[in-house]
Amino acid sequence: MFENNLVTKLLGIKYPIVQGGMAGISEANLVSAISNAGGLGVIGSGLMPASWLEKEIEKTKKLTSNPFAVNLFIPNLKIEELVRVIIRFQVPIVFTGGGNPLPLFPYFQAADIKIIPVVPSSRLAKKMEDNGADAVVVEGMEAGGHIGQNTTFSLIPQAKKLLNKIPLIAAGGIYDGKTTVAAFFLGADGIQMGTRFLASKECIVSEAYKKKILEATADDIEVVLRFTGHPLRVIKNKWSEEMKKLEEKGAFPEEIKAEKIAGSLGGEDVENIPLLAGLSAAGISEIKSCQEIIEEIVREIEKV
Ligand SMILES: Cc1cc2nc3c(=O)[nH]c(=O)nc-3n(C[C@H](O)[C@H](O)[C@H](O)COP(=O)(O)O)c2cc1C
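Residues numbered from 1 in each chain as written. Predicted model: local features only at pLDDT ≥ 70, side-chain atom pairs only at ≥ 80, totals over all residues. Heavy atoms only, no water.

Trainee: Can you explain the packing of aromatic side chains? Please cite residues and give values.
Mentor: Applying the stated criterion to the full structure yields 1 aromatic pair. With 5.8 Å between their ring centres and 85° between their planes, Phe2 and Tyr15 make a pair best called edge-to-face. With a gap of 13 residues between them, Phe2 in the segment before α1 (6–11) and Tyr15 in the loop between α1 and β1 (17–19) connect regions that are remote in the sequence. Here Phe2 matches Tyr15 in class, with each residue buried. (Phe/Tyr/Trp six-rings, centres within 6.5 Å; stacked < 30°, edge-to-face > 60°. Helix = DSSP H or I, 4+ residues; strand = E, 2+ residues; numbered from the N terminus. Buried < 20%, exposed > 50% of the residue type's maximum accessible area, 1.4 Å probe, protein only.)

Below is the structure:
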């Protein structure tokens with residue numbers, strides 16, 4: 001059914017369902033489970049060192065023979081080393097988040113690696129196309145983690161109108177068959193999900209973190225750190241309260257260190273770490289395997 005889909009054709013996968021890179025969280029187990037189920041697993045390298053990425057790529061290659069990708073977080077100060085690892089291991093696809101990926105384009109293009117930036121506006125989506133990106137992810141502010149100002153509903157049709165050549169992948173607030181069908185109806189060629197896969201059997205975050213996602217209503221989810229220029233969507237807890245207090249006290253943006261924010265596992269402690277999650281957490285009520293999540297979505301698409 002998806003043989004002529006632009007995303008499956010470009011990436012060599014069965015279903016146009018991408019797992020959004022999650023810094024330090026989407027590692028070999030999660031990534032391979034998703035790729036084995038016919039989607040695209042994406043290693044989230046975040047602020048991790050190149051040695052971590054190398055190990056996860058090696059592990060993933062043992063666990064799946066299907067395509068998988070790496071998500072690069074642009075603010076990572078060691079990004080050059082990570083780029084070298086990706087090229088050395090010939091990972092076929094790279095996603096980028098958290099900044100301007102254009103300086104990296106020539107390296108990946110020379111190595112024949114597909115590059116798919118994640119962007120928060122239709123204007124940037126077009127700019128990525130003009131500079132040779134192979135596809136683009138537009139991410140609405142419903143998403144978990146760092147967010148922009150546009151909603152997924154507004155982004156998809158606007159980006160679709162501007163793009164002439166490359167496939168459009170939508171992210172932010174998509175978590176099941178219905179939200180996927182809605183994204184396709186608006187013009188997306190594929191979808192990317194983060195929060196739904198956080199609450200999967202294979203994800204390495206603690207059971208306590210997953211329970212927080214299952215229990216969350218929309219009122220439990222908030223955006224903090226707007227004053228830093230890098231707003232972050234999280235589930236409310238002691239940590240998010242602390243961030244709001246810092247803001248009220250007049251903290252400078254530099255006082256909020258990136259290491260404090262980038263995906264933290266935190267064991268069973270769900271109060272003193274940033275619990276990154278999107279608004280879709282409010283619609284997620286069951287932990288499922290990645291295969292179940294993907295198959296359910298595919299069934300729903302087929303039904304419609
Ligand atoms: C815990 C967590 C960590 C994330 N880390 C990254 C990251 O390192 N790089 C990135 O581009 N996006 C990151 N994201 C965004 C996801 O890749 C994805 O685009 C987003 O979760 C989609 O919205 P959803 O949460 O509504 O599914 C993260 C999201 C979450 C929930």
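Trainee: Summarise helix α13 (residues 290–303); cite the residues concerned and give the values.
Mentor: In an α-helix, one turn spans 3.6 residues; hence positions three or four apart end up facing the same way. The end-to-end C-alpha distance of α13, which contains 14 residues, comes to 20 Å, matching closely the 20 Å that a straight helix rising 1.5 Å per residue would cover. Along α13, the residues that are buried comprise Cys290, Ile293, Ile294, Ile297, Val298, Glu300 and Ile301. Here the buried residues of α13 occupy an arc of 160° about the axis, which is enough to place them on one side. Each element contacted by the buried residues of α13 is listed here: β1, α2 (28–36), α8 (177–186), β9 (190–193) and α9 (195–198). (Expected span 1.5 Å × (residues − 1). Arc of directions from axis to C-beta. Contact = heavy atoms within 4.5 Å.)

Trainee: So what's going on with unusual backbone geometry? Which residues, and what values?
Mentor: Residues other than glycine seldom take positive phi values, yet Gln90 does so here, at roughly 50°. Accessibility expressed as a relative area gives 65% for Gln90, which makes it exposed. Of note in this structure, Asp112 is not a glycine but carries a positive phi near 60°. Along the polypeptide, Asp112 turns up in the loop between α5 (105–110) and β5 (114–119). The exposure class assigned to Asp112 is exposed, which follows from its relative accessible area of 69%.

Trainee: Requested: an account of the pairing of strand β11 (residues 232–235), with residues and values cited.
Mentor: Burial along β11 is two-sided: the residues Leu232 and Val234 and Arg233 and Ile235 are all buried. Taken together, the 2 bridges between strand β7 (residues 145–146) and β11 define a ladder with antiparallel strand orientation. Opposite Gly145, over in β11, you have Arg233 as the bridge partner. When strand β10 (residues 221–224) meets β11, the two strands line up antiparallel, connected through 4 bridges. Along β11, the bridge assignment pairs Ile221 with Ile235. (Pairing = 2+ DSSP bridges.)

Geometric values such as these leave the question of function open.
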